[in-house]
Amino acid sequence: KPVITTDGALDASWAKDFEALAKLPNVFCKLSGMITEVEDMAWTPEIMAPYIAKTVACFGWDRVMYGSDWYASKLAGGATYPAWLKCLQADATVTGASDEEREKLFRANAAKIYKLSVH
């Protein structure tokens, strides 16, 4: 997991390792577990934005999926399930995505990865 600071700087060591991991075609990434990594549990959507963007840039819309991060998110300054969901839904990378890409992020990729039958 990255070391996320409140100054908005991307953890360069994490980014390098993350890029290498993303080159493996059988690896998928769940956008989850990051808000608990922010120093002093002082996460904001602005602090999370570069990590969301990096995740999508590395894995693409076909290998990334939403993770609720609940119950662990409660450790991050009282973050709630709706707060993390709202953060992700309002993020510039996500709002700039197509309807199909958002469908992949929030539903279709999880169904594919976990081999779920959804209608």
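Before reading further, recall that the structure is shown in the block above.
Residues numbered from 1 in each chain as written. Predicted model: local features only at pLDDT ≥ 70, side-chain atom pairs only at ≥ 80, totals over all residues. Heavy atoms only, no water.

Engineer: Would you mind showing me how to read the packing of helix α1 (residues 12-22) against helix α2 (residues 45-59) here?
Structural biologist: The packing of two helices is summarised by the inter-axis angle and the distance between the axes. Running from N to C, α1 and α2 point in directions that differ by 30°, and their axes come no closer than 9 Å. By the angle between their directions, the pair α1 and α2 is classed as roughly parallel. Like other packed secondary-structure pairs, α1 and α2 cross with a definite hand, here right-handed. Contacts from W14, A15, F18, E19, L21 and A22 in α1 reach Y51, K54, T55, C58 and F59 in α2. Its residues assigned to classes, the contact of α1 with α2 comprises eight nonpolar, one polar and two charged. (Axes fitted to C-alpha atoms, helices over the stretch in contact; angles between N-to-C directions. Helix = DSSP H or I, 4+ residues; strand = E, 2+ residues; numbered from the N terminus. Parallel < 35°, antiparallel > 145°, perpendicular 65-115°, else oblique. Left-handed = near helix turned anticlockwise from the far one by under 90°. Contact = heavy atoms within 4.5 Å. Nonpolar A, V, L, I, M, F, W, Y, C, P; charged D, E, K, R; others polar.)

Engineer: Hey, could you run me through the packing of aromatic side chains in this one?
Structural biologist: Here the distance between the centres and the angle between the planes together describe a pair of aromatic rings. Evaluated as defined, the whole model comprises six aromatic pairs. Ring plane angle 70° and centroid distance 6.5 Å describe the contact between Y66 and Y81, whose orientation is recorded as edge-to-face. With Y66 in strand β2 (residues 64-66) and Y81 in helix α3 (residues 81-90), the pair connects residues that are 15 residues apart, well separated along the chain. By relative accessible area, which is 15% here, Y66 ends up buried. Here Y81 falls in the partly exposed class, since its relative accessible area comes to 36%. Arranged with centres 5.4 Å apart and planes meeting at 50°, the rings of Y66 and F106 form a pair that is tilted. (Phe/Tyr/Trp six-rings, centres within 6.5 Å; stacked < 30°, edge-to-face > 60°. Buried < 20%, exposed > 50% of the residue type's maximum accessible area, 1.4 Å probe, protein only.)

Engineer: For this particular structure, what's the right way to read helix α5 (residues 99-113)?
Structural biologist: Quick reminder: α-helices carry 3.6 residues per turn. Residues three or four places apart thus point the same way. Look at α5: 20 Å from first C-alpha to last across 15 residues, which is about the 21 Å you get at 1.5 Å a residue. Its maximal kink placed at L105, α5 deviates by approximately 55°. The complete set of buried residues in α5 reads K104, L105, N109, A110 and A111. Of the surrounding secondary structure, the elements contacted by the buried residues of α5 are β1 (29-31), β2, α3 and α4 (92-95). Downstream of α5 by a residue or two, K115 has a phi angle that is positive, lying close to 55°. (Expected span 1.5 Å × (residues − 1). Bend = angle between axes of the 7 residues up to and from the residue.)

Engineer: Got a minute to help me understand the packing of α2 against α3 in this structure?
Structural biologist: Where α2 meets α3, the closest approach of the two axes is 10 Å, and the angle between their N-to-C directions is 60°. Here α3 runs oblique to α2, going by the angle between their axes. Considering how the two elements wind past one another, α2 and α3 form a crossing that is right-handed. Contacts from P45, M48 and I52 of α2 reach α3 at W84, C87 and L88.

Engineer: How should I be thinking about the nonpolar core in this particular structure?
Structural biologist: One broad trend across soluble globular proteins is that nonpolar side chains are buried collectively. Of all hydrophobic cores here, the largest spans 30 residues; its most connected members are M34, W43, M48, I52, W84 and L105. In contact with M48, not counting residues within four places along its chain, are I4, M34, I35, V38, W43, W84 and C87. (Core = buried A, V, L, I, M, F, W, Y, C linked by side-chain atoms within 4.5 Å.)

Engineer: Just checking my understanding: could you explain the environment of E103 for this structure?
Structural biologist: Looking at where E103 falls in the secondary structure, it is placed in helix α5. The spatial distance from the C-alpha of E103 to the C-alpha of M65 is 9.5 Å, given a sequence separation of 38 residues. Here R107 takes part through its side chain, which lies 2.4 Å from a polar atom of the side chain of E103. (Polar contact = N/O pair within 3.5 Å; in protein donor to acceptor, adjacent residues only side chain to side chain.)

Engineer: Is there a simple way to think about unusual backbone geometry in this case?
Structural biologist: Apart from glycine, the bulk of residues carry a negative phi angle, and the bulk of peptide bonds sit in the trans form. Phi angles above zero are rare outside glycine, and D40 is one such case at about 60°. By the secondary structure assignment, D40 is in the loop between β1 and α2. The class for D40 is exposed, based on a relative accessible area of 73%. Even without glycine at this site, M41 takes up a positive phi of about 55°. On the basis of relative accessibility, which here comes to 32%, the residue M41 falls in the partly exposed class.

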